[in-house]
Amino acid sequence: MVLLSGYSWHDPNTYEQDNLEAFNSAAYGGGFGFGLYEPEKGDHFSWYVLSFKDSNSNLTNMIASARSPYWPEKSDVAVGLGYTVFIMQRPDIYSGIPFPAALPLATIKLWNAEILGTFIPKLDAGINHGNVGYIFGRYQF
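What you are looking at is a predicted structure, and each value in this text was computed from that prediction instead of being measured. Residue indices begin from 1 for each chain and proceed along its sequence in written order. A pLDDT threshold of at least 70 governs which residues receive local features in this predicted model, and a stricter bar of 80 or more applies before side-chain atom pairs are shown or counted, although totals over entire chains, interfaces and linings include all residues. Hydrogens and water molecules were not included; the side-chain quantities draw on all heavy atoms of the structure.

(A) Highlighting the packing of aromatic side chains. When the centres of two rings from Phe, Tyr and Trp lie within 6.5 Å, Trp using its six-membered ring, the rings pair. Their planes under 30 degrees apart give stacked, over 60 give edge-to-face, and anything left gives tilted. Tallied over the entire structure, the rule returns eight aromatic pairs. For the pair Tyr-134 and Phe-136, a centre-to-centre distance of 5.3 Å together with 20° between the ring planes defines the contact as stacked. Linked through ring pairs, Tyr-48, Phe-52, Tyr-134 and Phe-136 together constitute an aromatic cluster. Note that Lys-109 overlies the ring of Tyr-70, its terminal NZ or CZ placed 4.6 Å from the centroid. Charge over a ring is defined by NZ of Lys or CZ of Arg lying within 6 Å of the ring centre and within 35 degrees of the ring normal.

Have a look at this one:
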């Protein structure tokens, strides 16, 4: 499995304009991993590593696992809603010390290719934090 990272969206209602203009939305990067399909339902389980440029153009690294049930089941063209759990390292969070997290994961599957997206919610009442959408893709060999 190959992963390609592509885009970060920052909610304009939760960030000041100066921050929005400074942010990197081109979250380019890549990774690799392996995935398994559950034969009875067609659910997809994957384990992967991914590195990409974050909002501040710093390199972010993660090792992760994901599960995506699909509808319709066992179809080459389907949508899915699942989750990913991971350990991430970012230089601007916890001074670069890796930390665990979990996020929802939505997917559109077209045969062996998928477009995946997640949402990082705002967790505090302050401004300039959270409400970020992240889109990436994977191709299963």
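(B) Summary view of unusual backbone geometry. Residue Pro-72 is bonded to the preceding Trp-71 through a cis peptide linkage, with omega at -5°. Counting from the N terminus, the helices are the DSSP runs of H or I reaching at least four residues and the strands are the DSSP runs of E reaching at least two. Here Pro-72 is to be found in the loop between strand E5 (70-71) and strand E6 (77-89). A positive phi angle, close to 55°, is found at Ser-95, a residue other than glycine. Structurally, Ser-95 can be placed in the loop between E6 and strand E7 (99-110).

(C) Seen up close, the environment of Ala-27. Along the polypeptide, Ala-27 turns up in the loop between helix H1 (17-22) and strand E2 (29-37). For every residue, the accessible area obtained with a 1.4 Å probe (protein chains only) is divided by the maximum for its type, and the residue is called buried under 20%, exposed over 50%, and partly exposed between those limits. When its relative accessible area of 0% is taken as the criterion, Ala-27 is described as buried. Between the C-alpha atom of Ala-27 and that of Trp-9, which follows or precedes it by 18 residues, the distance is 9.6 Å.

(D) Fine view of the pattern of salt bridges. Here a salt bridge means any side-chain nitrogen of Lys or Arg lying within 4 Å of a carboxyl oxygen belonging to Asp or Glu. Taken as a whole and judged by the stated rule, the model has four salt bridges. Of the charged contacts, one joins Arg-67 and Asp-43 as a salt bridge, the two residues approaching to 2.6 Å between their closest N and O atoms. Of this pair, Arg-67 sits in strand E4 (residues 59-68) while Asp-43 sits in the loop between E2 and strand E3 (44-53); the two residues are 24 residues apart in sequence, bridging distant segments of the chain. By relative accessible area, Asp-43 is classed as buried at 3%. One salt bridge connects Arg-90 with Asp-54, and the closest N-O pair in it is separated by 3.4 Å. Remark: Asp-54 occurs in the loop between E3 and E4 and Arg-90 occurs in the loop between E6 and E7; sequence separation between them is 36 residues. By relative accessible area, Arg-90 is classed as buried at 16%. Within this structure, Asp-54, Arg-90 and Asp-92 form a network of salt bridges that share partners.

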